[in-house]
Amino acid sequence: MTDHRDVVEAFLDREPVEAAALERALAHADGREYFIDLLVLRGLVGNAPVAAAPSSPRLRRGHSVWWLAAAAALVAVGTTGGYLAGRVTDRPSGSSRVEQVGITPAAPAPTHVIRLENGVTWNEKSGGN
Amino acid sequence: MTRLPSRRVLMAQSAFVADAELLFTQHRQGVLRYLSRVVGRADAAQDLTQEVFLRVSRAPVPETDSAGHRAWVFKIARNLALNHVRDTARRPEAPAMVEAVQPATQELGVAVREAIAALPAVDRDVFLLRESAGLSYDEIAEACDLSVEAVRGRLRRAREVLRQTLDGPMRAGRRGYVSLRTSDSGEQP
């Protein structure tokens, strides 16, 4: 039985086989059945579609991972930059503090001038009771 | 000062490139078919096929006959495919879509792929090198570092397992048409 299958298999695989051996193999029911089965199997394997993925989830996953990494990098740069900028601007500086203390805002120009003179009583009693 | 390559070196290089181009023309389709079946994805198979011929173009083509060249190219393809399958097993990929096929065909395709993937690695390679790439027993033996008898044995075993695993589709197939030609046939004219 195995011999029949060997011959059938070799014949379908384009290997050289003895014509008489092939004749004997195909004269046997098992040999014929195996012959058909190998052709069916070949058809199943050969005609089965292969998975194609031009827009595969792998690619999409790759893109999302890239965007996630880019967003994380931006947040990290922003946070670090903000922190450093804050440290630089908040650092106490002696010279600027002195300047602030020394600066006195200018008084506004007078709109009304009252002269105080000696001998003038300001408690006026004229009019009224 | 840069020394220009001699005429002899240039001729050797051009012969080398011509060999690689010839191998590419002759075996690209077979390599792509084989790799598609091994890795199960068209996009990955195309990438790997490019890698195969990149390696072919960089390596000295062995001094042998055309069958030897074919076995050599498929040996490179097989090694790359094994690496890819191993890497993918470590880092599982999301299932890919099957384009523009009927659901029944898609189901059948998945069943066939899974049945082939479940074979022992060497049996699977021997089977696909025969069925998808159309290599002879001698060429498979050379590509897989096996004896021809071992190739026969593994081929037989792989077919027996697939006949049993794909029992339903096999029964349906026996009621339909059979042909010596398939769309995946790697037979040389």
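The structure displayed is predicted, hence computed values, not measured ones.

A.B. asks: Any chance you could explain the overall build of chain B here in plain terms?
C.D. replies: Counting its regular elements, chain B contains eight helices and zero strands. When each of the 189 residues of chain B is scored for burial, the buried share is 40%. Taking all contacts inside chain B whose residues are at least 6 apart in sequence as the whole, residues at least 24 apart take part in 69%. For chain B, the exposed surface amounts to about 10800 Å²; the carbon and sulfur share of it is 54%.

A.B. asks: Please clarify how the packing of aromatic side chains should be interpreted in this entry.
C.D. replies: Between two aromatic rings, the relevant description is the distance of the centres plus the angle of the planes. Tallying each qualifying case throughout the model produces three aromatic pairs over all chains. With centroids separated by 6.5 Å and ring planes inclined at 25°, the aromatic side chains of F11 of chain A and F35 of chain A adopt a geometry described as stacked. One end of the pair, F11 of chain A, is in helix α1 (residues 2-12); the other, F35 of chain A, is in helix α3 (residues 29-47), and 24 residues separate them in sequence. On the basis of relative accessible area, F11 of chain A is assigned to the partly exposed category, the value being 37%. With 5.0 Å between their ring centres and 85° between their planes, F24 of chain B and F53 of chain B make a pair best called edge-to-face. Taken as a pair, F24 of chain B in helix α1 (residues 7-39) and F53 of chain B in helix α2 (residues 42-58) lie far apart in primary sequence, 29 residues in all. With relative accessibility at 37%, the residue F24 of chain B sits in the partly exposed group. Residue class for F53 of chain B comes out buried when judged on its relative accessible area of 8%.

A.B. asks: What should I look at first to understand the nonpolar core in this one?
C.D. replies: Counting residues in hydrophobic clusters, the biggest one holds 48 residues, and the most contacted among them are Y34, L35, V52, V56, F127 and L129 of chain B. By residue number, the principal contributor to this core is α1 of chain B, which donates eight residues. Those residues in contact with V56 of chain B that sit more than four places away from it in its chain are A20, L23, W72, V73 and I76 of chain B. If you look at the next biggest cluster of nonpolar residues, it comprises ten residues, including V8, L12, F35 and L38 of chain A.

A.B. asks: Please clarify how α2 of chain B should be interpreted in this entry.
C.D. replies: Because each turn of an α-helix spans 3.6 residues, side chains separated by three or four positions in sequence point in the same direction. For α2 of chain B, spanning 17 residues, the distance from its first C-alpha to its last is 24 Å, which sits close to the expected 24 Å at 1.5 Å a residue. Taken together, the buried positions of α2 of chain B are occupied by D43, A44, A45, L48, T49, V52, F53 and V56 of chain B.

A.B. asks: Just to check I follow, could you spell out the side chain of R37 of chain B for this structure?
C.D. replies: Here R37 of chain B lies in helix α1. By relative accessible area, which is 11% here, R37 of chain B ends up buried. Within polar-contact distance, the side chain of R37 of chain B engages the backbone oxygen of A48 of chain A at 2.7 Å.

A.B. asks: What exactly am I supposed to notice about unusual backbone geometry here?
C.D. replies: In most cases, non-glycine residues show a negative phi, while peptide bonds are predominantly trans. The phi torsion at R14 of chain A lies on the positive side, around 65°, for a residue other than glycine. By secondary structure assignment, the location of R14 of chain A is in the loop between α1 and α2 (19-27).

A.B. asks: Help me out: how do you make sense of the pattern of salt bridges in this one?
C.D. replies: One side chain can pair with another of opposite charge once the charged atoms of both are near each other. For the structure on display, the rule yields 23 salt bridges over all chains. Its salt-bridge partner being R156 of chain B, residue E9 of chain A comes within 3.0 Å of it at the nearest N-O pair. Note that E9 of chain A is positioned in helix α1 and R156 of chain B in helix α7 (residues 148-165), a pairing that runs across two chains. Overall, E9 of chain A belongs to the buried group, its relative accessible area being 3%. Classification of R156 of chain B as buried rests on a relative accessible area of 15%. Across the pair D123 of chain B and R157 of chain B runs a salt bridge whose closest N-O atoms are separated by 2.9 Å. Residue D123 of chain B is found in helix α5 (residues 121-131), and its partner R157 of chain B is found in helix α7; the two are separated by 34 residues along the sequence. Owing to a relative accessible area of 1%, D123 of chain B belongs among the buried residues under this scheme. Its relative accessible area of 43% is what places R157 of chain B among the partly exposed residues. Shared partners join several salt bridges into a network, and the residues in it are D6, E9, D13 and R42 of chain A together with R130, E131, R156 and R159 of chain B.

Criteria and thresholds
- Residues numbered from 1 in each chain as written.
- Chains lettered and ligands numbered in written order.
- Predicted model: local features only at pLDDT ≥ 70, side-chain atom pairs only at ≥ 80, totals over all residues.
- Heavy atoms only, no water.
- Helix = DSSP H or I, 4+ residues; strand = E, 2+ residues; numbered from the N terminus.
- Buried < 20%, exposed > 50% of the residue type's maximum accessible area, 1.4 Å probe, protein only.
- Contact = heavy atoms within 4.5 Å.
- Areas by Shrake-Rupley, 256 points an atom, 1.4 Å probe, with all protein chains shown as cover.
- Phe/Tyr/Trp six-rings, centres within 6.5 Å; stacked < 30°, edge-to-face > 60°.
- Core = buried A, V, L, I, M, F, W, Y, C linked by side-chain atoms within 4.5 Å.
- Expected span 1.5 Å × (residues − 1).
- Polar contact = N/O pair within 3.5 Å; in protein donor to acceptor, adjacent residues only side chain to side chain.
- Salt bridge = Lys/Arg side-chain N within 4 Å of Asp/Glu carboxyl O.

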